Amino acid sequence: MFTCTTNSPEETAHLAELVGQKIREGTVLCLEGDLGAGKTLFVQSLAHTLGVEGEVTSPTFNLMNVYEGICHFALYRLETEEELEDIGFYEYTEDPEGIVVIEWSDKFPQCMPEERVVVRIEKSDDGDGRHITFASVGERYQEFIKELESFVYLSH
C-alpha cells in the first residue's frame, strides 16, 4: 500500500495517466471516495492513456459504460446486492477481459472480487489537493502495487 498527494486536478489526472501506463489487462480497479473526490476524473485520464478516444463519462445513471478494453461501473445508485446480478456485474468482474473500473465499490465490499486494486481518493483540507491511496486486496496485485509505487515516485 502507498499514498500519493496531488495538489490540483491536473496532478490527479497525471497520476491516473501513470497508472494507465503500468496497468495490465485483467485488472479490477475499485475506486472509493466521497462525491466530488475525483473518481471520474481519474477514470477519464486512465481511459485516455489506454487509448480510449472521445468522451468518458461516469455511468451514474446507466450504471455501466464499456469502452475499448475498459468496463466502467458506478454503483452509486444501487441499493441492493441483487441489483449487481441484474446489471451483469459478475460477468465482467469474475474473469475480467481488459480493465474493470468500479466507482463506489465500497457500497458492496463483500461483493467485490477477492483479488482487486483499491484506489481511495480523499480530499485534502485545502480543497484542491487529494490523498490517493493504492492497495492490493489479495495476493494477485501485490507486485503490481510495488511496481506502481516505484514508477510513480520516479515519474514525479
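Residues numbered from 1 in each chain as written. Predicted model: local features only at pLDDT ≥ 70, side-chain atom pairs only at ≥ 80, totals over all residues. Heavy atoms only, no water.

Caption draft 1: Looking closely at the overall build of the chain. Regarding its fold elements, the chain presents 5 helices and 7 strands. When the helices and strands of the chain are listed from N to C terminus, the series reads β-α-β-α-β-β-α-α-β-β-β-α. Here the chain has a C-alpha radius of gyration of 14 Å; the compact-globule value for 156 residues is 15 Å, and the two agree. Taking the principal axes of its C-alpha atoms as reference, the chain extends roughly 40 × 30 × 30 Å. Looking at the chain residue by residue over its 156 residues, the buried ones come to 48%. For the chain, long-range pairs separated by at least 24 residues make up 63% of all intrachain contacts whose partners lie at least 6 apart in sequence. Accessible surface for the chain amounts to roughly 8000 Å². Of this, 45% is attributable to carbon and sulfur atoms. Of the charged side chains in the chain, 11 are positive and 31 negative, and the gap between their average positions amounts to 4 Å. (Helix = DSSP H or I, 4+ residues; strand = E, 2+ residues; numbered from the N terminus. Rg over C-alpha atoms; globule rule 2.2 N^0.38 Å. Buried < 20%, exposed > 50% of the residue type's maximum accessible area, 1.4 Å probe, protein only. Contact = heavy atoms within 4.5 Å. Areas by Shrake-Rupley, 256 points an atom, 1.4 Å probe, with all protein chains shown as cover. Lys, Arg positive; Asp, Glu negative; His and termini not counted. Charge placed at Lys NZ, Arg CZ, Asp CG, Glu CD.)

Caption draft 2: Summary view of helix α2 (residues 39-49). Looking at α2, one finds that the buried residues are K39, F42, V43, S45, L46 and A47. After α2 finishes, the residue G51 shows a positive phi value of roughly 100 degrees.

Caption draft 3: How the structure looks around the state of the cysteines. All chains considered together, the criterion is met by 0 disulfides. Here C4 is not disulfide-linked; the sulfur of C30 is the nearest cysteine sulfur, at 18 Å. Judged by relative accessible area, C4 falls into the buried class, the value being 4%. Cysteine C30 remains unbridged, with the sulfur of C111 as its closest cysteine sulfur at 11 Å. We classify C30 as buried; its relative accessible area is 0%. (Disulfide = S-S within 2.5 Å.)

Caption draft 4: Inspection of the packing of aromatic side chains at higher detail. Per the counting criterion, the structure on display carries 7 aromatic pairs. Taken together, a centroid distance of 6.4 Å and an interplanar angle of 50 degrees make the contact between F42 and F134 tilted. Of this pair, F42 sits in helix α2 while F134 sits in strand β7 (residues 130-137); the two residues are 92 residues apart in sequence, bridging distant segments of the chain. Each member of the pair F42 and F134 is classed as buried. Between the aromatic rings of Y76 and W104, the centroid separation amounts to 4.8 Å while the plane-to-plane angle is 50 degrees, which identifies the pairing as tilted. Pair noted here: Y76 is in the loop between β4 (70-74) and α3 (81-86) and W104 is in the loop between β5 (99-103) and β6 (116-123), with a separation of 28 residues, a long-range link. (Phe/Tyr/Trp six-rings, centres within 6.5 Å; stacked < 30°, edge-to-face > 60°.)

Caption draft 5: Quick peek at helix α5 (residues 142-155). The first and last C-alpha atoms of α5 sit 20 Å apart over 14 residues, in line with the 20 Å expected at 1.5 Å per residue. For α5, the full list of buried residues reads F144, I145, L148 and V152. Within α5, the buried residues cover an arc of 95 degrees as seen down the axis, which keeps them to one side. Counted as exposed and oriented over 90 degrees from the buried face of α5: K146 and L154. Buried residues belonging to α5 abut β1 (2-6), α1 (9-22), β6 and β7. (Expected span 1.5 Å × (residues − 1). Arc of directions from axis to C-beta.)

Purely geometric stuff here, so don't read any function into it on its own.
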